[in-house]
Amino acid sequence: MNNLRIRPRRLRKTQSIRDLTCETRLKSSMLIYPVFVREGNNIIEDIAAMPGQKRYSPDKLPVILERAAKNKIGGILLFGLPEHKDECASSAWDDNGVIQQAIRLAKNEFPDLNIIGDVCMCEYTSHGHCGIIKNGCVDNDATLEYLAKIAVSQANAGADIVAPSDMMDGHTLAIREALDSNNLQDTLIFSYAVKYASSFYGPFREAAGSAPSFGDRKSYQMDIRNSREALKEAMLDIQEGSDMIIIKPGLAYLDILKSVKEKFLVPVGSYSVSGEYSMIKAAALMGWLDEKKIAIESAISQARAGADIIITYFALDLAEWINNGEI
Ligand code: PBG
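A short tour of the structure in this document, coming up. (Residues numbered from 1 in each chain as written. Predicted model: local features only at pLDDT ≥ 70, side-chain atom pairs only at ≥ 80, totals over all residues. Heavy atoms only, no water.)

**Some remarks on the nonpolar core**
In a soluble, globular protein the nonpolar side chains are often hidden away together inside.
Now for step 1: Within the largest apolar cluster, 108 residues are counted, with the highest numbers of intra-cluster contacts made by Phe 36, Ile 76 and Leu 78.
Now for step 2: Top contributing element to this core by residue count: helix H4 (residues 140–157), with 10 residues. (Core = buried A, V, L, I, M, F, W, Y, C linked by side-chain atoms within 4.5 Å. Buried < 20%, exposed > 50% of the residue type's maximum accessible area, 1.4 Å probe, protein only. Helix = DSSP H or I, 4+ residues; strand = E, 2+ residues; numbered from the N terminus.)

**Observations concerning the pattern of salt bridges**
Now for step 1: Applying the stated criterion across every chain, the model contains 16 salt bridges.
Now for step 2: Here Arg 67 and Asp 317 are joined by a salt bridge, their closest N and O atoms 3.5 Å apart. Remark: Asp 317 occurs in helix H11 (residues 315–323) and Arg 67 occurs in helix H2 (residues 62–70); sequence separation between them is 250 residues.
Now for step 3: Look at Asp 317 and you get partly exposed, because its relative accessible area is 24%.
Now for step 4: Three or more residues are tied together by salt bridges with common partners; here these are Arg 38, Glu 45, Arg 55, Glu 83 and Glu 206. (Salt bridge = Lys/Arg side-chain N within 4 Å of Asp/Glu carboxyl O.)

**Some thoughts on the site of the ligand**
Now for step 1: Neighbouring residues of the ligand: 18 residues in total, closest Lys 195, Arg 205, Lys 248, Ser 274 and Tyr 313.
Now for step 2: One nitrogen or oxygen atom from the side chain of Gln 221 is found 2.9 Å from an oxygen atom belonging to the ligand.
Now for step 3: Separating a nitrogen atom of the ligand from a side-chain N or O atom of Lys 248 is a distance of 3.4 Å.
Now for step 4: Contact with the protein chains hides 100% of the accessible area of the ligand, taken as 400 Å² for the molecule alone.
Now for step 5: Residues belonging to the shell around the ligand are distributed by class as follows: 9 nonpolar, 3 polar and 6 charged. (Near = heavy atom within 4 Å. Polar contact = N/O pair within 3.5 Å; in protein donor to acceptor, adjacent residues only side chain to side chain. Areas by Shrake-Rupley, 256 points an atom, 1.4 Å probe, with all protein chains shown as cover. Nonpolar A, V, L, I, M, F, W, Y, C, P; charged D, E, K, R; others polar.)

**A few points about the packing of aromatic side chains**
Now for step 1: Across all of its chains, the model carries 10 aromatic pairs by this definition.
Now for step 2: When the centroid spacing of 5.9 Å and the interplanar angle of 45° are considered together, the rings of Trp 93 and Tyr 146 count as tilted. Remark: Tyr 146 occurs in helix H4 and Trp 93 occurs in the loop between strand E4 (75–81) and helix H3 (98–109); sequence separation between them is 53 residues.
Now for step 3: The class for Trp 93 is partly exposed, based on a relative accessible area of 24%.
Now for step 4: Its relative accessible area of 18% is what places Tyr 146 among the buried residues.
Now for step 5: The structure contains a cluster of three or more aromatic residues connected by ring pairs, namely Phe 36, Phe 79, Tyr 192, Phe 204, Tyr 271, Tyr 277, Tyr 313 and Phe 314.
Now for step 6: The aromatic ring of Trp 93 is capped on one face by Lys 149, whose charged end is 3.8 Å from the ring centroid. (Phe/Tyr/Trp six-rings, centres within 6.5 Å; stacked < 30°, edge-to-face > 60°. Lys NZ or Arg CZ within 6 Å of the ring centre and 35° of its normal.)

Everything listed is a geometric property; what it means functionally is a separate question.
Have a look at this one:
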């Protein structure tokens, strides 16, 4: 075959040619690490369903922040796990709550690390739903004022970015207005604009103790069968003022990620959720998959589909591999 001018295999010839010409590159600055912070002192606790992930009391957070800062990851996403839960999630907007303590500590000790607060009510409500219950349902508009309070409280504690994960209609607008009227114009909103009612969140609910005590989240999180609806949700959050948006889950929703990325002009984050992490860990523990290679391939797939940012429980490992030149 001497008449073959175009030989795609030439571009695959050696590792250095492949590295030179590859279309997708992972950077540690695009990775966000989710961290669970629980009340108490001197606690680092295993999460059974997520081997390798822990719950930290605020004083123990530096253990993880040091690794995050050293590897120059894009940020950490903090989830608060309070002792006290009630109907209206009062620990979530308590200026001395566990998440506010964690944010203050992180910002004081690591001022250059982006600190993101997850804004939701499910970890803080006695019923485990993401909002205020009225007549057995999560009431959209009653919830908005609480989300706004939570966001303002986190921003006042020093959060650079707030990330509302509740899926209430109008959440970004309510939060933007509240931030602005509290002189917090510079706090970014990274909204979970497209969040499906996914079973991939199972291990997180064990980690955060946030499973709903009745019903499910299908009246506010999205129907897994829909894709045009994702564009509508993204459009609304962007119109309301989201600076950047999250698509969640990650790997099973790459079609959604790609179509949202093509249509809109804001940075797009892919959240590779707890179930994705636990599946890889479990298969690796059984010796059936190579954990490191799968974690890398999973992150690359999300970047290739258009993720500017990847939120992943492998963020610190990936960053270390990137910085060691292994990726
Ligand atoms: C809170 C929230 C959840 C996740 C992120 N924020 C759980 C849920 O909606 O049930 C899931 C993250 C993960 O599974 O890693 N609303």
